[in-house]
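Listed here are the chains, written in short residue letters.
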2 protein chains.
Amino acid sequence: MANQATAERTLDRTFAACAHPIRRGIVERLAARESAAGGRAADMTVGEATRDFAVSKPAISRHLRVLEEAGAIERVIDGRTHRLRLAEQPFEDASDWIARLQQMWERKFDAVEQYLAERGR
Amino acid sequence: MANQATAERTLDRTFAACAHPIRRGIVERLAARESAAGGRAADMTVGEATRDFAVSKPAISRHLRVLEEAGAIERVIDGRTHRLRLAEQPFEDASDWIARLQQMWERKFDAVEQYLAERGR
């Protein structure tokens with residue numbers, strides 16, 4: 001039960017983290033960096049990851065905190081440089097939840113197909 | 001540009017709608033009903049869809065409003081009976097956004113595999 005509650009709480013935070021265009025933008029940049037890094041572990045400085053969003057620094061800090069609390073990004077502090085890396089698991093879990101819904105819909109569509117096939121006999 | 005902004009706003013609302021266990025619970029019930037209905041359009045009364053959640057009626061109303069504003073559920077009013085039906089598109093769009101991230105990660109893993117394959121020669 002505790003694990004179930006923790007999983008629910010993690011899903012709450014992940015979906016909430018995805019619910020703002022600036023947070024999605026930061027995540028997209030980190031994912032693009034991972035892709036471009038061609039298999040090496042990839043991170044970005046906070047400056048690179050948050051550049052050019054038209055909001056204040058405190059607003060950026062709040063968005064980063066929401067992403068970190070969801071476990072969607074990890075921050076590595078190296079002296080005065082803060083680096084960010086994307087964590088994949090929370091997105092996998094969110095995606096799995098939606099996929100389970102979609103499986104239920106697909107069962108529905110399978111039933112429609114079966115009905116049409118039987119009718120066509 | 002307006003369409004892009006609208007799409008972003010819709011994603012914001014869909015992810016926010018998914019960010020609470022009661023809202024996910026309501027959505028799961030509606031999806032299960034669709035699945036069980038075997039291809040017929042399926043809906044539930046508000047009472048059926050929201051029964052047994054240990055929160056007040058006003059709290060349930062707020063959760064339903066968040067889901068409706070996201071376009072994730074539709075409400076059909078038939079006299080004194082309010083019926084709810086799941087809308088699939090917002091979930092498809094949210095799922096597509098996560099899938100695009102995952103494609104970026106997969107490119108990364110492809111690169112790892114290629115590296116390992118070349119090293120193994």
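This is a predicted model, so every value here is computed, not measured.

So what's going on with the overall build of chain A? Residues and values would help.
Regarding its fold elements, chain A presents 5 helices and 3 strands. When the helices and strands of chain A are placed in sequence order, the string is α-α-β-α-α-β-β-α. Taking the contacts inside chain A whose residues are at least 6 apart along the sequence as the reference set, 54% of them involve residues at least 24 apart. By element, 48% of the accessible surface of chain A is carried by carbon and sulfur atoms, the whole surface being about 7100 Å².

Report on the relation of the copies chain A and chain B, specifying residues and quantitative values.
The two copies are related by a screw motion: chain A maps onto chain B through a turn of 180° and a shift of 0.0 Å along the axis, at an RMSD of 0.1 Å. Here the transformation between the copies is reduced to the relation of a two-fold axis. Here 100% of the interface residues in chain A have copies in chain B that are interface residues too; the copies meet face to matching face.

Go over the sheet that holds strand β3 (residues 81-86) of chain B with me, naming the residues and quoting the values.
Residues and elements named next belong to chain B. The strand order across the open sheet formed by 3 strands is β1-β3-β2, and the pairing between neighbours is antiparallel. Of all the strands in the sheet, the pair left with one neighbour each is β1 (44-45) and β2 (73-78). Pairing analysis gives 6 bridges linking β2 to β3, with the strands arranged antiparallel. Paired with Ile 73 across the strands is Leu 86, a residue of β3. In the packing of helix α2 (residues 21-36) onto the sheet, the strands contacted are β1, β2 and β3, and the crossing angle to β3 comes to about 80°. Contacts between helix α4 (residues 57-69) and the sheet are confined to β2 and β3, with β2 contributing the most and set at about 110° to the helix.

Could you give an account of the interface of chain A and chain B, naming the residues involved and the relevant values?
Taken together, the contact between chain A and chain B spans 35 residues of the former and 35 residues of the latter. Contact between chain A and chain B buries roughly 3300 Å² in total, counting both sides, with carbon and sulfur atoms accounting for 64%. Linking chain A with chain B are 4 salt bridges. The interface formed by chain A and chain B holds 8 residue pairs in polar contact (both at pLDDT 80 or more) in total. Every element with two or more residues in the side of chain A that touches chain B is listed here: α1 (2-17), α2 (21-36) and α5 (89-120) of chain A. The dominant element in the side of chain A that touches chain B, judged by the number of residues it contributes, is α5(A), at 15 residues. Of the residues contributing to the side of chain A that touches chain B, the split by class is 20 nonpolar, 6 polar and 9 charged.

Could you give an account of the packing of aromatic side chains, with specific residues and numbers?
Residues and elements named next belong to chain A. If you walk through the whole model with that rule in mind, you get 5 aromatic pairs over all chains. Consider the rings of Phe 15 and Trp 97, whose centres lie 5.7 Å apart with planes at 75°: the pair is edge-to-face. Within this pair, whereas Phe 15 is found in helix α1, its partner Trp 97 is found in helix α5, the two being separated by 82 residues in sequence. By relative accessible area, Phe 15 is classed as buried at 0%. A relative accessible area of 2% means that Trp 97 is categorised as buried.

Scoring rules and cut-offs
- Note on numbering: residues in each chain are counted from 1, in written sequence order.
- Naming scheme: in the order in which they are written, chains are lettered from A and ligands are numbered from 1.
- Where local features are concerned, this predicted model is filtered to residues with pLDDT of at least 70; where side-chain atom pairs are given and counted, the filter is 80 or more; whole-chain, interface and lining totals use all residues.
- Side-chain measures here rest on the full set of heavy atoms in the structure, leaving out hydrogens and waters.
- Secondary structure counts use DSSP, requiring at least four H or I residues in a row for a helix and at least two E residues in a row for a strand, with both numbered from the N terminus.
- Contact definition: two residues touch when any of their heavy atoms are within 4.5 Å.
- We get accessible surface area from the Shrake-Rupley algorithm with a probe of 1.4 Å; when it comes to residues, only the shown protein chains can shield them.
- Alignment of the copies relies on least squares applied to C-alpha atoms, considering only residues that score at least 70 for pLDDT in both.
- Strands are labelled as partners when DSSP assigns at least two bridges between them.
- Axis geometry follows a simple rule: fit a line to the C-alpha atoms, using only the stretch in contact for helices, then measure angles between N-to-C directions, giving values from 0 to 180 degrees.
- Joining two parts hides part of their accessible area as seen by a 1.4 Å probe, and the buried area is that hidden amount summed over both.
- One side-chain nitrogen of Lys or Arg within 4 Å of one carboxyl oxygen of Asp or Glu is enough to make a salt bridge.
- Whenever two N or O atoms come within 3.5 Å, that pair is a polar contact, provided that in protein one can donate a hydrogen and the other can accept it, and provided that, for residues adjacent in sequence, both atoms are side-chain atoms.
- We call Asp, Glu, Lys and Arg charged. Ala, Val, Leu, Ile, Met, Phe, Trp, Tyr, Cys and Pro are nonpolar, and the rest, Gly among them, are polar.
- Between the rings of Phe, Tyr and Trp (Trp by its six-membered ring), a pair exists once the centres lie within 6.5 Å; its type follows the angle of the planes, with under 30 degrees stacked, over 60 edge-to-face, and the other angles tilted.
- Burial classes follow relative accessibility: with a 1.4 Å probe on protein chains only, a residue under 20% of its type's maximum area counts as buried, one over 50% as exposed, and anything between as partly exposed.

Interpretation note: all reported values are geometric properties and have no functional meaning in isolation.
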